[in-house]
Number of protein chains: 2
Amino acid sequence: MREIILSFPKQFKIGFKAAKGIKVLGNFKKLLICGMGGSALPGEVLKIWLKEKEIKLPVEIHRNYSLPFNVDKKTLTIIISYSGNTEETLSAFKKARREKLKLVAITSGGNLLKICKRSKVPLVVVPKSYPPRLALGFLFSSLMKVLTNSKIIRGISREILSLESKIKLKKLEKEGKNLAKKLKQKILLIYAPEKICVLAKIWKINFNETSKVPSFYNCFPELNHNEIVGFESFGKNFHTILFIDKSQNPKILKREILTAKILKEKAVESSFVFLKGKGVLPKIFSNVILGNWVSYYLALEHKKDPLEEKLIAEFKKKMKV
Amino acid sequence: MREIILSFPKQFKIGFKAAKGIKVLGNFKKLLICGMGGSALPGEVLKIWLKEKEIKLPVEIHRNYSLPFNVDKKTLTIIISYSGNTEETLSAFKKARREKLKLVAITSGGNLLKICKRSKVPLVVVPKSYPPRLALGFLFSSLMKVLTNSKIIRGISREILSLESKIKLKKLEKEGKNLAKKLKQKILLIYAPEKICVLAKIWKINFNETSKVPSFYNCFPELNHNEIVGFESFGKNFHTILFIDKSQNPKILKREILTAKILKEKAVESSFVFLKGKGVLPKIFSNVILGNWVSYYLALEHKKDPLEEKLIAEFKKKMKV
């Protein structure tokens, strides 16, 4: 897995190239992105990017079977399943085909690839054999390239292609390794400012799947209205990670410091993570990779195989019986 | 607190009346609802109601200071702060006033009430002295009435006014009391099908604030892609509550049963809660009230005061220093 993380920054260029020429033309008023787990994350990052650029394009992320009721001819439906075999996403894909919606798909293989090729649905094929959560670079950059090709967004090429050089891999590895040591045998809570709450979600997913530990996330300021109550009896079992973003509202910073203090009184230890990277995408992906490192080293601390996926694979198998 | 829950079904009529004549006219393409904690929940319930009725009205819920960038003259901004003193919501309110957005507010008092009266902002005043999470009936029914008055939705009166008679309070109390006994000294995970995930969130908030226990929520099918991994070492500390909705996709039911089985292997016990109530609103509110009962009786089991709010009150005070 270490090799996968070390090569993560190369994914942006590869994903961008994989999407060359793939497009859907139309007068789209909305995007619907269908995906589960790691395959839903490119849509989440897109939403933050659009907000940062103040682009008013509604994006709905659909994490379920079938489709929401509010799609129409002015919706571009984007089907993302890294494996190509995700049951829920294939169900959404088939429904979208029956309803003759404008479609594009991103996958590394599986049934989604087969059906798209057979039916000439516009398709991006990214490299296979990665855990989906560690293929976010491929998925995100190919999504951005498809949207550029389809004239939905523009001016993204340099931003994507320069990402690789802006990520300080080895420095992040060192920080991740150190942080992992503090997290042994804890239930992990990841708290982030609302604007970048997706980072908390991505870390949570990594802790679950890579480190095999219970982990939950929430965001500021909402969590101050309920979640901070309730650590009376289990405090010492938890460890909280709080993301500090220098560019955020100072009120949020104050909330984060106060929260750590209150939790400490209930025996919950906290670690602050200062977000690295300048600009929205370097910031997101530097901290995605930091999360990969932390969860990788925490798996090693716990003597777990970070790439082992038995439980989820078995679950999927049982769903098919 | 028992009296508050027993009178909860009366809130719908009272909230509806409180909003009589309050309206904002305009050609609105979108609603922005600003609120934190319990005051954000009416917006969440509205979103489910709109989906159920297949009404294509975008609703954005804003849980932060200030306002999102994408509001404009075609947005109706709805400010909800039960106390009227929520710092984040007042910040959103002031920004909306500076930007001269179309506005309406719902509160029981505080600064929001004062400023609205002084500045003649359309305002609904609901009864005061309730914990915000237990004022959801007032807040939701007055929100629906304002939207009806403003000609944004219609035909809702009978649905709201008949709610009281459709909630079987005492039966729910008995079930809640029994369920609470199984949840003693546990970290509570609330899992619901995606379509009614808000119920899981509401129960989580009640367990935090009323029972003072750690509680987290997630929804099906997403949680099967990550959260089910990771209960190796802490399994016995958790208890999972899974909502079963008879009208849901049978695939989701299968996932819920499989999830409980897998968790059991990791020493996590589960309880199934079969959703009561026919029709979208009776279903939501019957199970909101069931959640109130469970969290109330769990507080008593733990010898905690279900109405005590010291920690959050102190937090708010410290934020003002």
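All of these numbers come straight from a predicted model, not from anything done at the bench.

## Concerning the overall build of chain A
Within chain A, the regular secondary structure consists of 13 helices and nine strands. Over its C-alpha trace chain A gives a radius of gyration of 20 Å, about what one expects of a compact globule, namely 20 Å for 321 residues. Seen through its C-alpha atoms, chain A measures out along the principal axes to roughly 60 × 45 × 40 Å. Taking all 321 residues of chain A together, 62% fall into the buried category. The contacts of chain A with a sequence gap of at least 6 include a subset with a gap of at least 24, amounting to 79%. Roughly 12900 Å² of accessible area belongs to chain A as shown, and the carbon and sulfur atoms make up 54% of that amount.

## Quick notes on the sheet that holds strand β7 (residues 215-220) of chain A
Residue and element names in this part refer to chain A. Across the sheet, which stays open at both edges, the four strands sit in the order β7-β6-β8-β9 with parallel pairing between neighbours. Of all the strands in the sheet, the pair left with one neighbour each is β7 and β9 (269-274). Strand after strand, the sheet turns through a mean of 20 degrees between neighbouring axes, direction not considered. In this sheet, strand β8 (residues 238-244) lies alongside strand β6 (residues 187-193) in parallel orientation, the contact comprising five bridges. For isoleucine 190, the partnering residue across the bridge sits in β8 and is isoleucine 241. Contacting β6, β7, β8 and β9, helix α10 (residues 197-209) crosses the sheet at an angle of about 175 degrees to β7.

## Structural notes on the sheet that holds strand β2 (residues 59-62) of chain A
Residue and element names in this part refer to chain A. Spatial ordering of the open sheet is given by β2-β1-β3-β4-β5, a layout of five strands whose pairing is parallel. A single partner strand is all that each edge strand has here, and the edge strands are β2 and β5 (123-125). Along the sheet, successive strands turn relative to each other by an average axial angle of 15 degrees, direction set aside. Summarising the sheet, strand β4 (residues 102-107) and β5 pair through three bridges and their orientation is parallel. The residue of β5 that forms the bridge with isoleucine 106 is valine 124. Here helix α4 (residues 87-98) sits on the sheet in contact with β1 (30-34), β2, β3 (75-81) and β4, set at roughly 150 degrees to β3.

## Observations regarding the pattern of salt bridges
In the structure shown here, the tally under the stated rule is 40 salt bridges over all chains. B:Arg133 is the partner of B:Glu209 in a salt bridge, and the nearest nitrogen-oxygen pair spans 3.5 Å. Here B:Glu209 is found in helix α10 (residues 197-209), whereas its partner B:Arg133 is found in the loop between β5 (123-125) and α6 (136-149), with 76 residues between them in sequence. Taken individually, B:Glu209 and B:Arg133 each receive the classification buried, so the pair is uniform in this respect. Linked by salt bridges that have partners in common, A:Glu44, A:Arg63, A:Lys201 and B:Glu222 make up one network.

## Some thoughts on the side chain of A:Ser108
Residues and elements named next belong to chain A. Assignment of secondary structure puts serine 108 in the loop between β4 and α5 (110-119). Accessibility expressed as a relative area gives 10% for serine 108, which makes it buried. Here the side chain of serine 108 touches tyrosine 82 through a polar contact of 2.7 Å, landing on its backbone oxygen.

## Let's talk about the domain arrangement of chain A
All names here are of chain A. Its domain assignment divides chain A into domain 1 (2-163) and domain 2 (167-301). Measuring from the centre of the C-alpha atoms in domain 1 to the corresponding centre in domain 2 gives 27 Å. Counting residues at the interface gives 22 residues for domain 1 and 25 residues for domain 2. Considering only the side of domain 1, the residues that lose the most area to domain 2 are Arg2, Ile5 and Arg133, jointly responsible for 30% of the buried surface there. Applying the counting rule to domain 1 against domain 2 returns three salt bridges. For the pair domain 1 and domain 2, the interface holds five residue pairs in polar contact (both at pLDDT 80 or more). At the level of secondary structure, the elements contributing two or more residues to the side of domain 1 that touches domain 2 comprise α1 (2-7), α3 (41-52), α6 (136-149) and α7 (157-161). Among the elements that make up the side of domain 1 that touches domain 2, the one with the highest residue count is α3 (seven residues). The residue makeup of the side of domain 1 that touches domain 2, split by class, is 15 nonpolar, no polar and seven charged.

## What to know about unusual backbone geometry
Cis rather than trans, the peptide bond between A:Phe220 and A:Pro221 has omega equal to 0 degrees. Here A:Pro221 shows up in the loop between β7 and β8. With phi around 55 degrees, B:Ser66 is a residue other than glycine that occupies positive phi space. Within the secondary structure layout, B:Ser66 lies in the loop between β2 (59-62) and β3 (75-81). A positive phi angle, close to 60 degrees, is found at B:Lys151, a residue other than glycine. Secondary-structure assignment places B:Lys151 in the loop between α6 and α7 (157-161).

## A closer look at the relation of the copies chain A and chain B
Once chain A is rotated about the relating axis by 180 degrees and shifted along it by 0.0 Å, it coincides with chain B to within an RMSD of 0.0 Å. Taken together, these values place the two copies in the relation of a two-fold axis. Minimal C-alpha distance to the rotation axis in chain A is attained by A:Phe216, lying at 3.5 Å. An overlap of 100% is found between the interface residues of chain A and their copies at the interface of chain B, pointing to a shared contact surface.

What counts, and where the lines are drawn
- Residues numbered from 1 in each chain as written.
- Chains lettered and ligands numbered in written order.
- Predicted model: local features only at pLDDT ≥ 70, side-chain atom pairs only at ≥ 80, totals over all residues.
- Heavy atoms only, no water.
- Helix = DSSP H or I, 4+ residues; strand = E, 2+ residues; numbered from the N terminus.
- Rg over C-alpha atoms; globule rule 2.2 N^0.38 Å.
- Buried < 20%, exposed > 50% of the residue type's maximum accessible area, 1.4 Å probe, protein only.
- Contact = heavy atoms within 4.5 Å.
- Areas by Shrake-Rupley, 256 points an atom, 1.4 Å probe, with all protein chains shown as cover.
- Pairing = 2+ DSSP bridges.
- Axes fitted to C-alpha atoms, helices over the stretch in contact; angles between N-to-C directions.
- Salt bridge = Lys/Arg side-chain N within 4 Å of Asp/Glu carboxyl O.
- Polar contact = N/O pair within 3.5 Å; in protein donor to acceptor, adjacent residues only side chain to side chain.
- Domains from an automatic or database assignment.
- Buried area = accessible area lost by both parts, 1.4 Å probe.
- Nonpolar A, V, L, I, M, F, W, Y, C, P; charged D, E, K, R; others polar.
- Least-squares fit on C-alpha atoms with pLDDT ≥ 70 in both.

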